[in-house]
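If you want the building blocks of each chain, they are given just below.
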Number of protein chains: 2
Amino acid sequence: MPDLLPYLGQAAYLQLESFQALSRVVGQVDDLSAKEKVALAAGASLSKHQGIIAEIRRRGDDPADVMKPFADAIDGFSVLTTGSDWRETLLAVEVTSGLLDDFFIRLAAGLPGDVGPRIAALLGSDGGQDGVMDVLRTEIGADPQLASRLAMWGRRLVGDTLLVARSALHLSGNTRTDEERIEPIFTELIAAHTRRMDALGLTA
Amino acid sequence: MPDLLPYLGQAAYLQLESFQALSRVVGQVDDLSAKEKVALAAGASLSKHQGIIAEIRRRGDDPADVMKPFADAIDGFSVLTTGSDWRETLLAVEVTSGLLDDFFIRLAAGLPGDVGPRIAALLGSDGGQDGVMDVLRTEIGADPQLASRLAMWGRRLVGDTLLVARSALHLSGNTRTDEERIEPIFTELIAAHTRRMDALGLTA
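Residues numbered from 1 in each chain as written. Chains lettered and ligands numbered in written order. Predicted model: local features only at pLDDT ≥ 70, side-chain atom pairs only at ≥ 80, totals over all residues. Heavy atoms only, no water.

Enquirer: Hey, could you run me through the relation of the copies chain B and chain A in this one?
Expert: Turning one copy of the chain about an axis and sliding it along that axis gives the other copy, so a rotation and a shift relate them. You can overlay chain B on chain A at an RMSD of 0.0 Å; the transform is a turn of 180° with a shift of 0.0 Å along its axis. Read as a symmetry element, the transformation amounts to a two-fold axis. Comparing interface residues between copies, 100% of those in chain B also lie at the interface in chain A; the contact surface is shared. (Least-squares fit on C-alpha atoms with pLDDT ≥ 70 in both. Contact = heavy atoms within 4.5 Å.)

As structure tokens, then:
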């Protein structure tokens with residue numbers, strides 16, 4: 001069961017980072033209808049961020065203070081997930097926010113009070129992923145070499161992302177108990193990740 | 001009276017550019033509550049962009065096709081309005097979108113059908129400017145040299161922005177008649193611009 005404020009702070013900052021990464025891609029994509037689809041996803045991340053910020057404000061707390069403890073770690077994560085071109089960055093946002101949204105939705109069930117279902121609904125709402133998947137499929141279709149590059153990149157991202165997820169957990173300190181708790185959750189997250197990679201024709 | 005589709009295409013792409021410029025600033029600002037305020041403004045530009053896109057779709061047209069004729073010119077304008085640091089870029093978005101939103105709201109009155117009032121309401125809706133003004137005032141308060149640098153930068157931006165506005169007009173080709181039509185509109189736009197600069201303590 002996560003503590004409420006750190007949970008909200010980390011979740012809010014992660015959405016802000018997705019928004020920033022997607023916005024950068026909007027500026028890098030030339031094709032206007034691809035730009036449009038990525039902008040829609042950027043807007044969805046921003047809305048999720050703002051929804052979480054609203055929960056923090058509702059409790060009388062300052063969003064900047066609540067996010068601050070997570071800023072450095074997530075900025076560092078964002079550097080790791082910035083690809084060598086916009087296709088890699090776009091896949092990175094899709095992969096990492098896919099994993100982390102799923103994970104934070106699971107954690108939401110353990111939040112105190114009535115905030116859990118609201119946050120789960122917010123994080124589970126349409127994030128413009130269909131459009132992002134379309135853009136990636138078009139790019140992969142146009143460049144046969146891209147598929148293997150993106151598949152490799154996707155595999156690299158999973159490890160880093162699961163470390164971020166792990167940092168959101170209260171661990172008992174008993175390594176064996178902790179692993180027993182985490183294992184089934186991570187197995188589920190990875191299964192969903194594999195389905196997303198499959199939908200792009202990539203081997204996870 | 002502007003033609004509907006070019007009007008919508010140019011207005012939509014301008015909002016997309018504001019969104020992109022503001023998103024870049026979000027990534028450059030360190031202070032989290034400033035980041036928050038700029039992100040709010042970025043989200044507002046994106047919503048305006050998406051509202052105009054929805055009008056284009058409602059008429060059965062493809063937003064990418066309708067925006068395309070304006071992409072190069074507006075991308076060039078965006079290069080001119082990117083400052084040497086994020087404070088300049090933020091002032092640039094405030095100045096240029098202030099002028100252009102006012103201008104496009106005026107033009108909306110001449111649009112055929114019922115789209116004009118809808119677009120005017122959309123463009124006139126809250127764009128998060130109060131937060132952006134707060135951020136700029138805080139920066140100016142913390143750095144006495146910044147005021148004169150931003151005042152100069154603001155003056156430079158007005159000329160470039162009025163050229164973009166002019167490009168949206170159907171001109172008769174009779175220079176004297178055209179100037180007589182444009183002059184009072186531009187005088188009004190500049191008066192509103194001067195009030196915005198005043199609110200920042202800057203001489204327009």
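Enquirer: Sorry if this is basic, but what is going on with the side chain of Lys35(A) here?
Expert: Positionally, Lys35(A) belongs in helix H2 (residues 32-58). When sequence neighbours within four positions are dropped, the list of residues in contact with Lys35(A) reads Val26(A), Gly27(A), Val29(A), Asp30(A), Tyr13(B), Leu16(B) and Gln20(B). (Helix = DSSP H or I, 4+ residues; strand = E, 2+ residues; numbered from the N terminus.)

Enquirer: Help me understand the interface of chain B and chain A, please; the structure alone is not making it clear to me.
Expert: For an interface, size is often stated in terms of accessible area lost upon the parts coming together. Across the boundary between the two partners, chain B contributes 23 residues, which contact 23 residues of chain A. Buried area between chain B and chain A, summed over both chains or domains, comes out near 1800 Å², and the portion from carbon and sulfur atoms is 69%. Considering only the side of chain B, the residues that lose the most area to chain A are Gln20(B), Leu32(B) and Glu36(B), jointly responsible for 30% of the buried surface there. On the surface where chain B and chain A come into contact, there are zero salt bridges. On inspection of chain B and its partner chain A, the count reaches three residue pairs in polar contact (both at pLDDT 80 or more). Contributions of two or more residues to the side of chain B that touches chain A are made by helix H1 (4-28), helix H2 (32-58) and helix H3 (63-80) of chain B. The biggest single contributor to the side of chain B that touches chain A is H2(B), with 13 residues. Per-class residue counts for the side of chain B that touches chain A are twelve nonpolar, seven polar and four charged. (Buried area = accessible area lost by both parts, 1.4 Å probe. Salt bridge = Lys/Arg side-chain N within 4 Å of Asp/Glu carboxyl O. Polar contact = N/O pair within 3.5 Å; in protein donor to acceptor, adjacent residues only side chain to side chain. Nonpolar A, V, L, I, M, F, W, Y, C, P; charged D, E, K, R; others polar.)

Enquirer: Please explain empty space enclosed by the protein as it appears in this structure.
Expert: Empty space among the atoms becomes visible once a probe the size of a water molecule is rolled across them. What the rule picks out here adds up to six cavities of 30 Å³ or more. What lines the largest cavity is a set of 21 residues, and nearest its centre among them are Leu14(A), Glu17(A), Ser18(A), Phe77(A) and Thr96(A). Looking at the lining of the largest cavity, the elements with two or more residues in it are helix H1 (4-28), helix H3 (63-80) and helix H4 (86-108) of chain A. Among the elements that line the lining of the largest cavity, the one with the most residues is H4(A), at eight residues. Class assignment of the residues belonging to the lining of the largest cavity gives a composition of ten nonpolar, eight polar and three charged. Put simply, the second largest cavity is a space of about 190 Å³. Along its surface, the second largest cavity is lined by 18 residues, and Glu17(B), Ser18(B), Phe77(B), Thr81(B) and Thr96(B) are the ones closest to its centre. Breaking the lining of the second largest cavity down by element, the ones donating at least two residues are H1, H3 and helix H4 (86-108) of chain B. (1 Å grid on protein atoms, 1.4 Å probe; cavity = no way out; pocket = protein on both sides within 12 Å on 5 of 7 lines; lining within 4 Å. Points joined across faces, edges and corners; volume = space filled by probe spheres on them.)

Enquirer: Whenever I open this one, the nonpolar core confuses me. Can you help?
Expert: Here is a general trend for soluble globular proteins: nonpolar side chains tend to be buried in one another's company. Core analysis: the biggest nonpolar cluster contains 140 residues, and Phe103(A) and Phe103(B) have the highest contact counts within it. In contact with Phe103(B), other than residues within four places in its own chain, are Ala165(B), Ala168(B), Leu169(B), Ile185(B), Phe186(B) and Leu189(B). (Core = buried A, V, L, I, M, F, W, Y, C linked by side-chain atoms within 4.5 Å. Buried < 20%, exposed > 50% of the residue type's maximum accessible area, 1.4 Å probe, protein only.)

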